[in-house]
Amino acid sequence: MTKPDIGDQYEIQLTDLSYSAAAVGRINGIVTFVHRGGPGETAQVEITRVQKRHLHARINEIISPSADRCPPPCSYFDNGCGGCQWQHIKVDAQLDAKEQVLIEALSRIGGLSSLPDIVRHPPLQPLAYRNHIRLAVTAVQPQVEFGFKQEGSHDVLPIDRCEIALPPINRALSQIADLIKDLRCFRVVELTLRTSATTGEVMLILIFPKGYKPRLRVTDSVLQNYPAIHSIYIQSGVRGQPFQIAGRETLSETVSGLYFEIGPDTFFQNNLAGLEQLVGIVQRHTQVNRPTVAIDAHCGVGAFTLPVAETAKAAFGLDLQAEAIALATRNAKTNDIRNADFRAGHLAKLGIVKADLVLLNPPRGGCWSEDLEALDRIAPQHILYISCDPTTLARDLSKLSARYEVGSLDLVDLFPMTYHFETVVGLRRL
Ligand SMILES: C[S@@+](CC[C@H](N)C(=O)[O-])C[C@H]1O[C@@H](n2cnc3c(N)ncnc32)[C@H](O)[C@@H]1O
């Protein structure tokens, strides 16, 4: 059978959602990713990209829609906004699809066949939950526009609100163009907005090209004209260091009764209700297993270390980022938690060799192999792996499964309307 070519049209039956913006079906037996399709649908599609093993296609017409298709809640979705990928799928069906993605990854990549039932945690707020968004800016004097990149492109779709962001972010968005014009900082290329679901305060980070240092004379009084914005940082380069120019240094958030301060570039889960679901799962595990010594190997500002320290005799938090460690130390003090100790570094470089519980919560890339080797030497009785990427989770579990069995699996839909989710895996030493 000849291989399809770009521009060819086919009818396709879509069976699953993949870990991306696409649904999956087959054309001439070849796996085909169909942008914004839905499982159970039949569609007329056009091939847009041909790869060695896969095809990509766009929908020309949906011949029979799935019962799980719904009108997207945000008007920008149908115009190609890349901020969300699954708004066309009902929320319950999004969770079904995430569960399938997880099972697929654990069995195909992780080689794990007999698994415990997955405990599903539906989103408490499917919209208006995000406390953190990053937008691209096109500021051509005197016009200032900002938005998410379009799916699979570098083009920016200008927006003036985001349906999954918390209301304080949307209030701030309505004042940003005027602020940029007022400060005459037209070379801004990106902006980050962070808010606290607890206080409603908004932190704005204006990001400029690498090497460019804007000379802004800003005092706190400028914020009086922009009441929806409570602090401003500037940053040179997308990976640069934020530099405070007005307002408070940190945001504060209360999570399951504990108080946290968060810096402009320290990690914090972007959905407070979802974070509280994760903390509940972590607390359930620690209360059952009652560790003497626990290590939180990717601790950030201590979101899991402090709740664990409430049960363990001693808790150690590690993070590569010195700013996160400084704030975690401050957060422990503010909450009067004295048995938590924080250090900048990573597991393989840690002097501690004994612990009965280790928490892993790495970025999307998963755990460093040297840290997994160090974990083997520490040999904790229990590991809790909290992951935001099922593919790297599965890869790491395939290594850990030589010495650990999966005792529990929780799926938390922390990012409704997108294909992302969190998984918590409870591992027991064999
Ligand atoms: C997904 S965040 C989790 C932070 C924290 N557990 C939370 O939920 O707020 C991952 C954190 O791991 C840190 N990190 C990345 N690689 C690391 C490594 N090899 N060892 C220690 N920390 C690392 C990052 O700086 C970041 O703060």
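Coordinates for the structure precede this section.
Residues numbered from 1 in each chain as written. Predicted model: local features only at pLDDT ≥ 70, side-chain atom pairs only at ≥ 80, totals over all residues. Heavy atoms only, no water.

**A few points about the site of the ligand**
Here is step 1: Residues in contact with the ligand amount to 18 residues; listed here are only the nearest, His298, Asp319, His346, Asn361 and Asp371.
Here is step 2: The backbone of His298 places a nitrogen or oxygen atom 2.8 Å from a nitrogen atom of the ligand.
Here is step 3: Within the side chain of Asp319, a nitrogen or oxygen atom sits 2.7 Å from an oxygen atom of the ligand.
Here is step 4: Taking 600 Å² as the accessible area of the ligand by itself, protein coverage stands at 92%.
Here is step 5: Classifying every residue of the shell around the ligand by side-chain character gives nine nonpolar, seven polar and two charged. (Near = heavy atom within 4 Å. Polar contact = N/O pair within 3.5 Å; in protein donor to acceptor, adjacent residues only side chain to side chain. Areas by Shrake-Rupley, 256 points an atom, 1.4 Å probe, with all protein chains shown as cover. Nonpolar A, V, L, I, M, F, W, Y, C, P; charged D, E, K, R; others polar.)

**A few points about unusual backbone geometry**
Here is step 1: The backbone phi angle of Ser256 is positive, close to 45 degrees, even though this residue is not glycine.
Here is step 2: As for its position among the elements, Ser256 is in the loop between strand E14 (251-255) and strand E15 (258-262).
Here is step 3: Ser256 sits in the partly exposed class, given a relative accessible area of 33%. (Helix = DSSP H or I, 4+ residues; strand = E, 2+ residues; numbered from the N terminus. Buried < 20%, exposed > 50% of the residue type's maximum accessible area, 1.4 Å probe, protein only.)

**Examining the pairing of strand E17 (residues 314-319)**
Here is step 1: Across the six residues that make up E17, a large majority, five, are buried.
Here is step 2: As paired strands, strand E16 (residues 293-296) and E17 are joined by four bridges and run parallel to one another. Looking at E17, one finds that Ile295 is bridged to Phe316.
Here is step 3: The sheet contact formed by E17 and strand E18 (residues 340-344) spans five bridges and is parallel. Paired with Asp319 across the two strands is Ala344, which belongs to E18.
Here is step 4: Remark: the E17/helix H5 (residues 322-334)/E18 crossover connection has right-handed handedness. (Pairing = 2+ DSSP bridges. Right-handed = clockwise from strand over helix to strand, strands pointing away.)

**Side note on the nonpolar core**
Here is step 1: If you look at the biggest cluster of nonpolar residues, it comprises 83 residues, and the most contacted ones within it are Ile176, Leu193, Leu206, Ile229 and Ile232.
Here is step 2: The element that contributes the greatest number of residues to this core is helix H2 (residues 167-183), accounting for eight residues.
Here is step 3: Two domains share this core, each providing at least three of its residues, namely domain 2 (93-125 + 271-429) and domain 3 (132-250).
Here is step 4: Not counting chain neighbours up to four residues away, the residues in contact with Ile229 comprise Ala172, Gln175, Ile176, Leu179, Val202, Leu204 and Leu223.
Here is step 5: Grouped together as the second largest cluster of nonpolar side chains are 34 residues, Leu106, Leu318, Leu347 and Leu400 included. (Core = buried A, V, L, I, M, F, W, Y, C linked by side-chain atoms within 4.5 Å. Domains from an automatic or database assignment. Contact = heavy atoms within 4.5 Å.)

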